[in-house]
Structure formats: C-alpha cells, structure tokens
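# Summary of the model geometry
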Amino acid sequence: MLKKRIIPKFLIRGGRLVKAVRFHENFREAGNPVSTAKVYDAYGVDELLFVDIDATPQGRPAAGSVIERVSEEVFMPFTVGGGIRTVDEIAALLASGADKVGITTAAVEDPGFVRRAASRFGDQCIVVGIDYTLDEQGVPRVVTHCGTRRTGLDALEWAQRMQDEHAGEIMLCSIDRDGTMSGYDLELISRASARLGVPLIASSGAGTLQHCREALEAGASAITISSMFLFSDHSPIKVRTYLATNGVRVRSQQGSFS
Amino acid sequence: MIAIVDYGMGNVRSLRNALEYLGAEVVLTADPTELAAADRIVLPGVGAFGDAMAAIRARGLAARLGDLALRAAKPVLGICLGMQLYARRSEEHGEHEGLGWLDAEIVRLEVPPPLKVPHVGWNDLRFAADDWLFRGIRAGESNFYFVHSFHMRCNDPADLVATTDYGGPVTAVVRRGRLVAAQFHPEKSQDNGLTFLRNWLEHDFGPDAGV
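### Observations regarding the pairing of strand β12 (residues 169-176) of chain B
Residues and elements named next belong to chain B.
- Where strand β11 (residues 160-165) lies against β12, five bridges are found, and the strand directions are antiparallel. What sits directly across from Ala162, in β12, is Val173.
- Taken together, β11 and the strand that follows it, β12, pair antiparallel across an intervening segment of three residues, in which Gly167 is found at a positive phi of about 65 degrees.
- In terms of strand pairing, β12 meets strand β13 (residues 179-182) through four bridges, oriented antiparallel. Paired with Arg176 across the two strands is Leu179, which belongs to β13.
- The turn joining β12 and β13, which pair antiparallel and follow one another in sequence, is formed by two residues; a positive phi near 60 degrees is taken by Gly177.

### A look at the packing of helix α3 (residues 87-95) of chain A against helix α5 (residues 111-121) of chain A
Residue and element names in this part refer to chain A.
- Packing of α3 against α5 leaves a shortest axis separation of 10 Å and a crossing angle of 45 degrees. Looking at the two axes, α3 sits oblique to α5. The interaxial crossing formed by α3 with α5 has right-handed handedness. Side by side, α3 and α5 meet where Val87, Ile90 and Leu94 of the first sit next to Arg116, Ala117, Arg120 and Phe121 of the second.

### Some details on the interface of chain B and chain A
- Of the residues lining the interface, 32 residues belong to chain B; the matching set on chain A comes to 37 residues.
- Contributing elements (two or more residues each) for the side of chain B that touches chain A: α1 (12-21), β8 (119-127), β9 (143-148) and α6 (190-202) of chain B.
- Grouping the constituent residues of the side of chain B that touches chain A by class yields 11 nonpolar, 13 polar and eight charged.

### Structural notes on the sheet that holds β13(B)
Residues and elements named next belong to chain B.
- Strand order in the open sheet formed by nine strands is β2-β1-β3-β4-β13-β12-β11-β8-β9, with mixed pairing between adjacent strands. Of all the strands in the sheet, just β2 (26-29) and β9 have a single pairing partner and so form its edges. For this sheet the average axis-to-axis angle between neighbouring strands, irrespective of direction, equals 30 degrees.
- Here α1 sits on the sheet and contacts β1 (2-5), β2, β3 (40-43) and β4 (76-79); the angle it forms with β2, its principal contact strand, is near 160 degrees.

### Observations concerning α1(B)
All names here are of chain B.
- Of all 10 residues that make up α1, seven are buried, and the element is covered over most of its length.
- For α1, every residue scored as buried is listed here: Val12, Arg13, Ser14, Leu15, Arg16, Ala18 and Leu19.
- Taken from the residues just after α1, Gly23 is the one with a positive phi, measuring 95 degrees.

Procedures and definitions
Throughout this description, residue numbers start from 1 for each chain and increase along the sequence as written. Whichever chain is written first is A, and whichever ligand is written first is 1; the rest continue in order. Side-chain atom pairs in this predicted model are given and counted only at pLDDT of 80 or more, local residue features only at pLDDT of at least 70, and totals for whole chains, interfaces and linings cover all residues. Two strands form a pair only when DSSP identifies at least two bridges running between them. In DSSP terms, a helix is any run of H or I states spanning at least four residues, a strand is any run of E spanning at least two, and both are numbered starting from the N terminus. Here the axes come from fitting lines to C-alpha atoms, over the contacting stretch only for helices, and the angles between their N-to-C directions go from 0 to 180 degrees. Roughly parallel means an angle under 35 degrees; roughly antiparallel, over 145; roughly perpendicular, 65 to 115; everything else is oblique. Each crossing gets its hand from how the near helix is turned against the far one by less than a right angle, where anticlockwise is left-handed and clockwise is right-handed. We call two residues in contact if the C-beta atoms placed from their backbones are at most 7 Å apart. Under the scheme applied, nonpolar residues are Ala, Val, Leu, Ile, Met, Phe, Trp, Tyr, Cys and Pro; charged residues are Asp, Glu, Lys and Arg; polar residues are all the others, including Gly. Any residue with 12 or fewer other C-beta atoms within 10 Å of its own C-beta is exposed, any with 20 or more is buried, and the rest are partly exposed; the C-beta atoms used are placed from the backbone.

Here it is in structure tokens:
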C-alpha cells in the first residue's frame, strides 16, 4: 500500500534556512540546509521541500547551488520552489538533482505555463503551490508573490483549474496558519481532497502530533512540517511512530546510510 | 565503467551520485563508442514517453542501444521512464513506439477513488524472496519511491520480477536476460534503493557478446 508522506519544508534565504510566522513576521535563522537535509535523510523522512523565498521578490529562479549540494548528500526525493517562470529554469533545477518543482506565482500569472511544463517534464514533476488566506466571508482566496499580492481567486476552484492544467500534485498552504503551529486547515483539506484526483499536500499549521494525524485523515496524501520540527522536540521519528500507532499508513524504514 | 545514457531526459545527477557513492566509475554519454565500451548501461528518464523516444532517435541511439542490449547482451538497467521505453508502445499523449525490447505496453494508471494519480510516494514491493536483485531487502520493509502516471503491462509474465499494489498490481521491476528495469527511483529510495543498485552492480552477468 502507498504510504502517507511526511515532508519537512525548508525555507531558504541567502543560502540559509529560515522560518517566519504568516510568511513575514518573526524571521528566525534555522541552520544550514545541506546538513539539515542530511539529518532528515537519516531520520527516514519521505521527501524534502525547499522553497527559496527570496526568488520571486527578486525576480529570479530558485538557487540551484544549494540543490546541487543537497543532491550529493541525500538519496531521497525532493521538490524545489521559488520564482520558477520558464521551462528552462525547471530543466536546470531537475539537472541539479530536484525531482519535482513547485510553481505558485507563475501559475497565476500564466496558467498555460503549468500545462507546458507538464507536457515537457510529465505531470508528476509539477507541484502547484496554492498560498491562500481566508477573506471576510471565510472563503479561501489565492495570494501570490510570497504572500504579498491578493488575487481574489477562490483557492478550491483554482486547485481544480490547476489539476485541469495537468498539475501532478496540489500543495495547499494557509498563510493564516503558517508558523502558528495551531493546526492544519482541515476544512479546505477535506473539501479539496474529495474533489481532486491528484495527490494533495497539506502545508502550514503543524504544531502537534495530533495535527499531523488530522490532516492525513482529512484526505491529504502528504503533509509538510516546518516550525514543529525546527522549534519543538517533535522529530520525524516521533511523528511517524505516533501515526503508525494510530493506524495511519506510514513507512517504517530508516533513511540512507542506516 | 557504467555509462548513463545522456539524452537530455532526466535527473541524472542524483543517479550518478548514487552509483558513485556505491563505488562505481560512471560516465554520462550519448556517444555510441563510449556506450559500447562501457561494462553496463543505465537508461534513465523523466518526462513524457514520446519526447524521450524522439530525443533518443535524434541522437541516433535507438538502433544502437538495441544492438548493445539485445545483440551484445550488455547489462542494461532502465529507471522509471527508462524502463517504460523497453516496451513496444505507449499511450501517453497519443500512440508512441518504444524500443520494443520487451513484449509490453505502457498504459495510463486507472485506479478507483480515493486513490490519486500520479502514484507518488513510497510503496512496498512483492517479489520472490530468493531473487538476487532484492538481496538484503526485507519483505516487510520493501518501500521504494514511485512517481508516475503510466505503467507497464507485461504480456509475458516471465518478465515480471516485482509488483507493487496501487488499486491492483503495478509493474515495479522487470527482467529479461541481462535487461533489468525498475519503475521506482532506486537513486531516490534511500537504503533500499542503494541496496538494489548495489545488487545490480555486483551481480555477475558474465562477459557480454561484444558488438
């Protein structure tokens, strides 16, 4: 049986790991991405996600040099996002060792880009990220440019549209919950997973073991975890053991070099 | 010397890193002479089937690789899309002819809800306990990393070495003589993947027939 995935999310700024709250508040330094990736590989996490958060604001694609170093150190899948706007940029990141790329802002600016990228690299290679915040009526609305530009798009409708454009996976990221460790947005996860035929990655809000279980039971194929791993005593091993004990199908195996 | 076929389709850096980590000497090449001189060949691949075949043909490699794999019986390991290229044809984005090394077709994964396509993530394999390809891999912990929307349907059950379960059996590993291929990514499958690659590297296939 296919296992649910636990994916540490690494935000990269200036070659270092950082973490904030709601994308822009309380930035904290969180270490070296390459050595941290190696530690998580040893823990046997299922995938890694790297987001270069300066890439879109600076109008450049995600830094490939960090990725190249990671691919020399770990033998596990990883996705890279941040500022990607062309198929050539995707090709370069894949050549650096990435397995999948995350596209967020560029998908809104040019939805056809997702389809073009999928036809060149395969649907499975394209993860469309959807950052959103709830409006006054409680409707999830898509926000681009690293949480700075509101679009008015309904996040669920947008997820459907991106699936139609051949996104291989959809990653839902609640800006309201980012870094708050207050739990995933279970309502949207459950509505989106019921509607979509592609795997759903739930992002933002993990603070407790229970939160992880809830998001996966709500229908997510995978969860990303950032603050909880960086700033609490919950390790990937602890998360996995808890999930397995509570009947969620996860991997029991250890990582590389064990 | 292991030659990774460099035809512009795929994440070859990770593959190269994994093979070198295991002590192999690796060359990345599309040069027919270098391919012929290599002890073994790895055929990687990420992307669409039709594009991959076009890229192989554009480099004049389709017939050449066939000669090396079938006539010279050089050991070849296909990975992911590289495995799918072994088939006669694929229905991915229209009908495309493959290398035709195996009597097999590539068809879209059809799975019942709530299963999702693509099949992304870690899934366990079913294989014969004494198979040399899986030496050192325990049946209960046989997870490998898959990421694909199409899969191989083998017409000759003898070619099928391992399957995974995703709404029914899905071809995970095939083998015919010295042709081996995996749908999953061993270079991304942590310990199990490295063990699988090491088993392939260390297996004594005997001398090839030359060309």
